[in-house]
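Structural description and commentary
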Amino acid sequence: MTQTENGQRADGAAAQAGTAAQPGAAAQPGAAVDAARAAAQWWDAQDFRGRRGWLRDLARVLARGADELAGVIARETGKPDDDALLEVMLAVEHLDWASRNARRVLRRRSVPSGVVGIDQAASVGYRPYGVVGVIGPWNYPLYTPMGSIAYALAAGNAVVFKPSELTPGVGEWLARAWQSLAAPQPVLQVVTGDGAVGAALCRAGVDKVAFTGSTATAKRVMATCAESLTPLIAECGGKDAMLVAADADLAAAAGYAVFGGLGNAGQTCAGVERIYVAEEVFDAFTAAVTDRLRALRAGVDYGPMTMPAQTDIVRAQIADALRGGGRALVGGEDSVRGRTIEPVVLTGVAPDSTAVTDETFGPVLVIEPVADLDEGVRRADASRYGLGASVFTADTDAGKAAAERLDCGVVTVNSVLGFAGVPALPFGGTGDSGFGRIHGDDGLREFATVKSMTVTRFATPLKLMTMRRRRRDMRIARLMLRVRHGR
Ligand code: NDP
């Protein structure tokens, strides 16, 4: 890719990431945000079509370097190569979708001006914030922050991204990918370091922060953003429930339970952690899950825990569940072996046990019998989290009705995590799972401020909005009020 001085694009293949001369990460959040400020103006001036071109090239660099990038993800997180490649694929799909749809969603549009404002042409426009600070977690170190990065860029913002300190290489790879396009401005920059660097980024004059991580950290980030009234989007943890009705396809539901609960070693924000099963099929369902778990190889089908400290949390939750009267149907406390945790299935767990109340983020399922879907919904909603949920039943209408009632941001019927592969679907949660949305039309709007405009199109004989109202004007106004709303 070559580039002329004013930023016009010229023909040529995009350079491969990883070969750029510049280092991947900028030195300090302050310096990066200062540089991003100027870059944001240039980026805004590129307009939707120009940005679409740059972002398409960025997607091309990611797609061509997918194996290398997946290798970095796998090395830094410990997840299997296939999972890492799938993550790259999903991230590229979002980048492509955001850049293709930004104009449709964010261009200025006319709205009806109504009776009182009949003399005005009314329209709504969306302006980029300017510089968006993106703070990401380690569990899906590319896919998750890309849900903010792609949408913020497509909406016309410059981005400064701080990856988790456990996955700096992924961030640096991304920064080099942008640099390889030889754009005249650093529209996408990366700063690496620990939580203090994240806090410094929040204080560095960014116009919005997009945070993904734990609820506890989100509260600290929100307090920091409050100092300067910087708006925040918070994508936090979950304690997602799966509901299984008596008429569900138990084999399929068990397969999804294992994938949703143990994929990525359970380190998935919207992973399955609690399962509420109709009591008449409880035994058959748990037997189907147990069968599948026997075939699963910890350390092969899913990796070790990325963060060593997380193993202590998982062990403590299992112990708490068993101490409070819970039973282990599969595994137990000794399933935690170093950083690798063998599958664990618990039942009869007290509702106030941390295994039920807190995010586990490990390969542990709590399965409980319930009377029906209604009780399932009640038990699912008895959580301070509200990220995702899933419903399994042969009666799709009943499944959809239960899905509507669940207090959460994303929900699936007869599958798990189906929303992750649909860029048009907004993603986010309620309660302790955070607020704001990434992905989809709403995800694009999240990274823009709304600007309403009216333009006078003719001089109305009715002078209501002036100091020169006449008695006749008010007589007509009164009549209009009665005729339109008083009958
Ligand atoms: P953390 O909350 O520990 O960290 C998230 C990010 O915040 C990291 O980059 C971290 O830096 C940074 N950070 C830490 N302290 C501060 C601070 N005071 N100010 C600003 N930034 C700070 O989360 P994890 O990385 O452990 O990720 C796991 C969590 O993320 C789980 O709860 C999971 O459910 C959630 N998650 C939510 C998703 C969603 O979309 N809803 C998707 C994926 C994960 P550092 O790592 O260097 O400490």
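Residues numbered from 1 in each chain as written. Predicted model: local features only at pLDDT ≥ 70, side-chain atom pairs only at ≥ 80, totals over all residues. Heavy atoms only, no water.

As recorded in an unreviewed UniProt entry, the protein goes by Aldehyde dehydrogenase family protein and comes from Tomitella fengzijianii. The UniProt entry for the protein carries this comment under Sequence similarities (unreviewed entry): "Belongs to the aldehyde dehydrogenase family." (UniProt positions renumbered as here; feature names shortened; annotations may be inferred.)

1. Observations concerning the packing of helix α2 (residues 47-64) against helix α4 (residues 81-106)
Running from N to C, α2 and α4 point in directions that differ by 175°, and their axes come no closer than 10 Å. Here α4 runs roughly antiparallel to α2, going by the angle between their axes. Of α4, the residues touching α2 (which contributes Phe 48, Arg 49, Arg 52, Leu 55, Leu 58, Ala 59, Leu 62 and Ala 63) are Val 88, Val 92, Leu 95, Asp 96, Ser 99, Arg 100, Ala 102, Arg 103 and Leu 106. Broken down by class, the residue content of the contact of α2 with α4 amounts to eleven nonpolar, one polar and five charged. (Axes fitted to C-alpha atoms, helices over the stretch in contact; angles between N-to-C directions. Helix = DSSP H or I, 4+ residues; strand = E, 2+ residues; numbered from the N terminus. Parallel < 35°, antiparallel > 145°, perpendicular 65-115°, else oblique. Contact = heavy atoms within 4.5 Å. Nonpolar A, V, L, I, M, F, W, Y, C, P; charged D, E, K, R; others polar.)

2. Let's talk about α2
Given a rise of 1.5 Å per residue, 18 residues ought to cover 26 Å, and the 26 Å separating the end C-alpha atoms of α2 matches this to within 8%. Regarding α2, the residues found buried are Phe 48, Gly 50, Arg 51, Arg 52, Gly 53, Trp 54, Leu 55, Asp 57, Leu 58, Ala 59, Val 61 and Leu 62. (Expected span 1.5 Å × (residues − 1). Buried < 20%, exposed > 50% of the residue type's maximum accessible area, 1.4 Å probe, protein only.)

3. Describing the site of the ligand
Within the structure, the ligand sits among 29 residues, and Gly 136, Trp 138, Ser 214, Thr 217 and Glu 359 are positioned closest to it. Backbone polar atom of Gly 136 to an oxygen atom of the ligand: 2.7 Å apart, as the coordinates give it. Relative to its unbound accessible surface of 910 Å², the ligand loses 90% to contact with the protein. Those elements giving two or more residues to the shell around the ligand turn out to be α7 (195-202), β8 (208-212) and α8 (215-226). When residues of the shell around the ligand are assigned to their parent elements, the largest contribution, three residues, is made by α7. Residue composition of the shell around the ligand, grouped by class: twelve nonpolar, twelve polar and five charged. Built from parts of two domains, the shell around the ligand gets at least three residues from each of domain 1 (2-235 + 438-449) and domain 2 (240-415). (Near = heavy atom within 4 Å. Polar contact = N/O pair within 3.5 Å; in protein donor to acceptor, adjacent residues only side chain to side chain. Areas by Shrake-Rupley, 256 points an atom, 1.4 Å probe, with all protein chains shown as cover. Domains from an automatic or database assignment.)

4. Considerations on the domain arrangement of the protein
According to the domain assignment, the protein contains domain 1 (2-235 + 438-449) and domain 2 (240-415). Placing the centre of domain 1 and that of domain 2 at their C-alpha centroids yields a distance of 33 Å. Counting from both sides, the interface comprises eleven residues of domain 1 and, opposite them, 13 residues of domain 2. Interface of domain 1 and domain 2: buried area, both sides summed, is about 1000 Å²; carbon and sulfur atoms make up 57% of it. (Buried area = accessible area lost by both parts, 1.4 Å probe.)

5. Re the pattern of salt bridges
Under the criterion given, the structure shown has 22 salt bridges. One salt bridge connects Asp 44 with Arg 127, and the closest N-O pair in it is separated by 2.5 Å. With Asp 44 in helix α1 (residues 29-45) and Arg 127 in strand β4 (residues 120-128), this residue pair connects regions lying 83 residues apart in the sequence. With a relative accessible area of 24%, Asp 44 lands in the partly exposed category. Using a relative accessible area of 35% as the deciding quantity, one classes Arg 127 as partly exposed. Among the ionic pairs, Glu 446 bridges to Lys 208, the shortest N-O distance being 2.9 Å. One end of the pair, Glu 446, is in the loop between α15 (440-445) and β22 (448-456); the other, Lys 208, is in strand β8, with 238 residues separating them in the sequence. (Salt bridge = Lys/Arg side-chain N within 4 Å of Asp/Glu carboxyl O.)

6. A word on the packing of α2 against helix α5 (residues 143-154)
Working note: a packed helix pair is described by the angle between its axes plus the distance between those axes. Here α2 crosses α5 at 150°, and the two axes come no closer than 9 Å. One way to sum up the angle between α2 and α5 is to call them roughly antiparallel. Across the interface between the two elements, Phe 48, Arg 51, Leu 55 and Leu 62 from α2 touch Met 146, Leu 153 and Ala 154 from α5. In terms of residue class, the contact of α2 with α5 is built from six nonpolar, no polar and one charged.

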